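Given next are the chains, with one letter for each unit.
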Amino acid sequence: MLFIETKTNKRESFVNITDLVNALVETSGKKDGICILYVPHTTAAITINESADPDVVRDITQKLGELIPHRGNYAHSEGNSDAHIKASIIGNSRIVIIENGRLALGTWEGIFLCEFDGPRTRKVFIKLL
Ligand code: ZN
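The following paragraphs examine the structure supplied in this document. None of the values given here were measured: they were computed from a predicted structure.

### Quick word on the environment of Ala44
Here is step 1: In this fold, Ala44 is placed in strand β4 (residues 44-50).
Here is step 2: For Ala44, a relative accessible area of 1% puts it in the buried group.
Here is step 3: It is 21 Å that separates the C-alpha atoms of Ala44 and Leu24, two residues lying 20 residues apart in sequence.
Here is step 4: Ignoring anything within four residues of it in the chain, the contact list for Ala44 reads Val39, Ala87, Leu113, Cys114, Phe116 and Arg122.

Here it is, written out as structure tokens:
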């Protein structure tokens, strides 16, 4: 299993990891297959969405914050229930096709590690098949 590690610098942020994942695929020499990405954290997630316009991930973060506020009537004593809920909604894995030694993403797409309870050091487990 491969992994990448990234440090987040705010409580909430979307970190574009596309180039890091593409670099791993290139280094592996795999030309065709699938790339499984898995985030082993309960308050972080992974998504694929527009990376050309940074306002898109800003809007996603903003709207999630409106729907699931940081402070609320939560039972979990750590005070980060919103982060657990957001991570559950976005999800902790994605699959991308590898074609010609590259991730087969759409023109405007990027892969984002979604931080909901940072700053922390986060890992993404990666398996190439
Ligand atoms: Zn917690």
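### Quick look at the environment of Ser13
Here is step 1: Counting through the fold element by element, Ser13 comes out in strand β2 (residues 13-16).
Here is step 2: When the C-alpha atoms of Ser13 and Pro119 are compared, they prove to be 9.0 Å apart, with 106 residues separating the residues in sequence.
Here is step 3: Not counting the four nearest positions on each side in its chain, Ser13 is found in contact with Thr8, Leu113, Cys114 and Glu115.

### Considering the coordination of the zinc ion
Ideal geometry at a metal centre gives angles of 109.5 degrees when four donors are arranged tetrahedrally and 90 or 180 degrees when six donors are arranged octahedrally.
Here is step 1: For the zinc ion, the full set of protein donor atoms is His76 (NE2), Glu78 (OE), Asn80 (OD1) and His84 (NE2), and the range of their distances to it is 1.8 to 2.2 Å.
Here is step 2: What the four donor atoms of the zinc ion show is an angle range of 91 to 148° at the metal, which sorts the shape as irregular.
Here is step 3: Spacing between the donor residues of the zinc ion along the chain follows H-x1-E-x1-N-x3-H.
Here is step 4: A relative accessible area of 56% means that Glu78 is categorised as exposed.
Here is step 5: Overall, Asn80 belongs to the buried group, its relative accessible area being 4%.

### Let's talk about the sheet that holds strand β7 (residues 109-115)
Here is step 1: Strand order in this open sheet of three strands is β2-β7-β4, and the pairing throughout is antiparallel. At either margin of the open sheet sits one strand with a lone partner, and together these are β2 and β4. Strand-to-strand twist in this sheet, taken as the mean axis angle between neighbours without regard to direction, amounts to 35°.
Here is step 2: Across the sheet, helix α2 (residues 54-67) is in contact with β2, β4 and β7; its angle to β4 comes to roughly 135°.
Here is step 3: Contacting β4 and β7, helix α3 (residues 81-90) crosses the sheet at an angle of about 50° to β4.

### Digging into unusual backbone geometry
Here is step 1: In this structure, Pro119 follows Gly118 across a cis peptide bond, with omega equal to -5°.
Here is step 2: Along the polypeptide, Pro119 turns up in the loop between β7 and β8 (121-128).
Here is step 3: With a phi close to 55°, Asn100 is a non-glycine residue in the positive phi region.
Here is step 4: Within the secondary structure layout, Asn100 lies in the loop between β5 (93-99) and β6 (102-103).
Here is step 5: Since its relative accessible area comes to 64%, Asn100 is described here as exposed.

### Observations regarding the side chain of Thr8
Here is step 1: Of note, Thr8 is situated in the loop between β1 (2-7) and β2.
Here is step 2: At a separation of 2.8 Å, a polar atom in the side chain of Thr8 contacts the side chain of Glu115.
Here is step 3: Filtering out sequence-adjacent residues up to four positions away, Thr8 remains in contact with Ser13, Val15, Leu113, Glu115, Gly118, Pro119, Arg120 and Arg122.

### Regarding the nonpolar core
Here is step 1: Residues Ile17, Val21, Cys35, Leu37, Ile111, Val124 and Ile126 are the most contacted members of the largest nonpolar core, which totals 18 residues.
Here is step 2: Of all the elements in the fold, those that place two or more residues in this core are α1 (18-28), β3 (33-38), β4, β5, β7 and β8.
Here is step 3: Apart from the residues within four sequence positions on either side, Leu37 is in contact with Val21, Ile46, Asn92, Ser93, Arg94, Val96, Ile111, Val124, Phe125 and Ile126.
Here is step 4: Grouped together as the second largest cluster of nonpolar side chains are 11 residues, Phe14, Ala83, Ala87 and Phe116 included.

What counts, and at which threshold
Residues numbered from 1 in each chain as written. Predicted model: local features only at pLDDT ≥ 70, side-chain atom pairs only at ≥ 80, totals over all residues. Heavy atoms only, no water. Helix = DSSP H or I, 4+ residues; strand = E, 2+ residues; numbered from the N terminus. Buried < 20%, exposed > 50% of the residue type's maximum accessible area, 1.4 Å probe, protein only. Contact = heavy atoms within 4.5 Å. Donors = N, O, S within 2.8 Å, 3.2 Å for Na, K, Ca; no water. Tetrahedral: all angles 85-135°; square planar, octahedral: opposite > 155°, others 65-115°. Pairing = 2+ DSSP bridges. Axes fitted to C-alpha atoms, helices over the stretch in contact; angles between N-to-C directions. Polar contact = N/O pair within 3.5 Å; in protein donor to acceptor, adjacent residues only side chain to side chain. Core = buried A, V, L, I, M, F, W, Y, C linked by side-chain atoms within 4.5 Å.

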